[in-house]
Structure formats: structure tokens, C-alpha cells
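A look at the structure
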Amino acid sequence: MIKVRHLKKVFIAPSGEKLTVLSDINCDIHKGEVISVIGPSGTGKSTFLRCLNRLEEPTSGMIEVDGTDILNRKTDISMVRRRMGMVFQNFNLFEHLTILDNVTMCPMSLLGKSREEAESQGMALLEKVGLHDKAECLPCELSGGQKQRAAIARCLAMEPEIILFDEPTSALDPTMVSEVLAVIRHLASQGMTMCIVSHEMQFVRDVSTRILFLNDGVVYEEGTPDQIFDNPQKPVTKAFVNRIRTFEATLPDSHFDLYGLMGNIRTFCSKYGVGLRSMEKMEHVTEEMLCHIIPFDGPLKLTVDYSEKTSRISMTFVRENAGDGILDAVPDDSLSLMMVKGMSESLAEPEPGTVCVVI
Ligand code: ADP
Ligand code: MG
């Protein structure tokens, strides 16, 4: 249904600076598919959706919708947009029109429907999203979740062949997210073709037939929800789905600021909700490793990866330019080594000079 090849989008700042947001996007969306687009923020997910219906003008590449090249100047883009509904983060309802008028306006003006026909269809759609009793209300009388459901009804009234959702729940109070997701789930179960940008990972996992992971301007990895969430192949996808938070410190020599480092570790832990016990273990491991186990003969680098999903913490100590093993040189009866082993799940030196401690 939609075929995207070598899609590129470069923004040019007023200063003349170029920002390549999408460098080479390739993908196909088939009828009946529910495609979710995920990835770190700022990677161009919204830009990608907006290019699909040319709300944003692509810099180069090809987008075909049902065989029509929509980037061709001769293509009537309003006809293409009519077939592609879009639901935005901020609803974009007309504030001065009732909910029913919001839903019936475009079918009457663009599809040439009579008021009677548009209203009966509109009421049926409001019923479908659970808002039939709000038809005569103004948007300001509705909650955020209700407004977004009204926006979905308005989109459906145009009888689109595909709906593009750009973070439909990210402007909502947490209590209202599920009512909107329930409506989208229902559409998916009815076979509606959809392309969804969302940070609601459990929802994305449940509802999608396929997931595109966008990173660095390309479709970095794609697959079924199980592939992407349970068995991602590439490092950035792995870090993203496991919600890995990273802390890094470089310690120039043995006079490094231990208390400053501990403070930074604490700040990191409280920011990402690492438990108190784990935090204390991290501090002990850091102190034992840096003050008693690893010899300083050049800078050391410490990297902490914390997975918000699994709570796994791995601490990697790298002695730069080290040719020989660290752990081999530490006596087996070293008290420090025994303490670190006691506090950790595993302790290993995968390559000389790199010690990895999992807490
Ligand atoms: P995402 O939706 O993945 O968070 P966006 O598509 O919104 O990412 O934005 C990607 C990048 O493009 C960001 O760095 C953003 O600042 C930039 N960007 C988006 N729209 C514009 C614009 N109209 N002009 C200049 N830069 C833009
Ligand atoms: Mg966005």
C-alpha cells in the first residue's frame, strides 16, 4: 500500500546549517498491517509520518501510495491525504465547533456528503469511540482522553485507508491513556491499516504486526514485536528496548575524586530509580575495584549500564592501554576481590584490562 525508498529529509536552519534527520528510509506498509515506529526521541519519527502524507516535503527519495508517486508534482496531494488520516498528539480539534460538527465538517465539505448522511455516520462513529453522549459538547468540555477519541472519530469519518498516529497518548494524563489505546486496539482488531508512533511499549508490543526501529536516519532494525522486544539483533535496539541508562566516568589517575564519583553515581541512581541496596553495592564495588583491585598506571574508564526493564546493573572498568590481565594479578585470597564477588552476580575479565561486574 505504501512503498518508501531512499527517503531523505534535510532541515535547513535559518543560519543555513543543515540537519539530516532522515538519511535513507526504506520500508513497505501493506494493507491490514499495524506498523509501529519506535526509537529514541529526536530520531525523526514524526518527520517520517509527516513525510508520508507530505505535511513535510521530503528532500529526496520516493513514496508510492497504491502505486501513485506522491512526490510527483502532478499528483493531487489532497486526494492522497484524504485516504490517509492523521491523529496528532494535541488532537487539533476545532475549539469553536461541537464534537459532532468537528466530525461531520470534512465529510460534508470534502466528500460532498449531505448533512443528514454525515450526521448519522458521525453519530455512529461517536458511538464507536464511546462518545455519543458528547456530540453537542464543545471540545473544551471534554477530557484529554475524550478529545483524542473525538479526533479519532473525526479521522474515521473521512473513511481513510490508513491512519497515521503520532504519539496519540503522549499529551494525556496517565489515567486517560488506556481509553485511547483501547480505541486504537479495537481499530486494529477490525483490520484497519495503521502506522503508529508511540512510546507505550506494552501497547506497541500487543498491537503491532511489525515494528520499525528508527535510529540515525534509517530503519535501523525491523521485525515482529517478539523479535524486536525479545531478541533484538543490534546494540542500539537492545539498549532501547531494555531501557538501558548509562553512566560514564573517566578517572585520569589515582588521585581521582572518589567522593565526587560516588556523588555522581548517587545522582544517576536517584534519577533512574535504582534501589538503595543496589546503589550501596555499586558504591562498594566501585571503591574496592578502584582503590584496591585495579592498579592505576594510566586513565581508567568506568561505564555503568542500568536496565530499567530488568534492573540489571553492569559496571565495566577499562584500564586503557593495558596489555595484561587485571584479575590474574590479584591474589585469590584478596579480601577486596572476595568482597566484590560476594556482592555481585558475576565478575569477569572478558578481555585483558576490561573487568565487568554484574550486580
Ligand atoms: P521524533 O518525532 O523522533 O522525536 P522529530 O521528527 O520530531 O523526531 O524531529 C527530528 C529532528 O528534526 C529533531 O532534531 C528536530 O529538532 C528536527 N526538526 C523537526 N522539525 C523541524 C523543522 N520544521 N525545522 C527544523 N528542524 C526540525
Ligand atoms: Mg515526535
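Our subject is the structure listed above.
Below or above, wherever it landed, is the structure these notes cover. (Residues numbered from 1 in each chain as written. Chains lettered and ligands numbered in written order. Predicted model: local features only at pLDDT ≥ 70, side-chain atom pairs only at ≥ 80, totals over all residues. Heavy atoms only, no water.)

**Here we look at the sheet that holds strand β12 (residues 300-307)**
Spatially, the five strands line up as an open sheet ordered β11-β12-β13-β15-β14, and their pairing is antiparallel. Whereas interior strands pair on both sides, the edge strands pair on one side only; in this sheet they are β11 (244-251) and β14 (346-351). For this sheet, the mean inter-axis angle between neighbouring strands, taken without regard to orientation, is 15°. Bridge count for β14 against strand β15 (residues 354-358) is four bridges, and the pairing is antiparallel. Looking at the pairing, Ser-346 lines up with Val-358 of β15. Contacting β11 and β12, helix α10 (residues 258-272) runs over the sheet at an angle of about 170° to β11. Lying over the sheet, helix α11 (residues 276-293) contacts β11, β12, β13 (313-319) and β15, oriented at roughly 15° with respect to β13. (Pairing = 2+ DSSP bridges. Helix = DSSP H or I, 4+ residues; strand = E, 2+ residues; numbered from the N terminus. Axes fitted to C-alpha atoms, helices over the stretch in contact; angles between N-to-C directions. Contact = heavy atoms within 4.5 Å.)

**As for the pairing of β12**
Summarising burial for β12: six of the eight residues are buried, a large majority. Pairing of β11 with β12 involves eight bridges; the strand directions are antiparallel. In the sheet register, Ile-244 faces β12, and the bridge partner there is Ser-307. Inspection of the sheet shows β12 paired to β13 by seven bridges, in the antiparallel sense. Considered in β13, the bridge of Leu-300 is made with Arg-319. If you look at the hairpin formed by β12 and β13, you'll find five residues sitting between the two strands, and Ser-311 has a positive phi there, around 65°. (Buried < 20%, exposed > 50% of the residue type's maximum accessible area, 1.4 Å probe, protein only.)

Bear in mind that shape data such as this cannot, by itself, settle questions of function.
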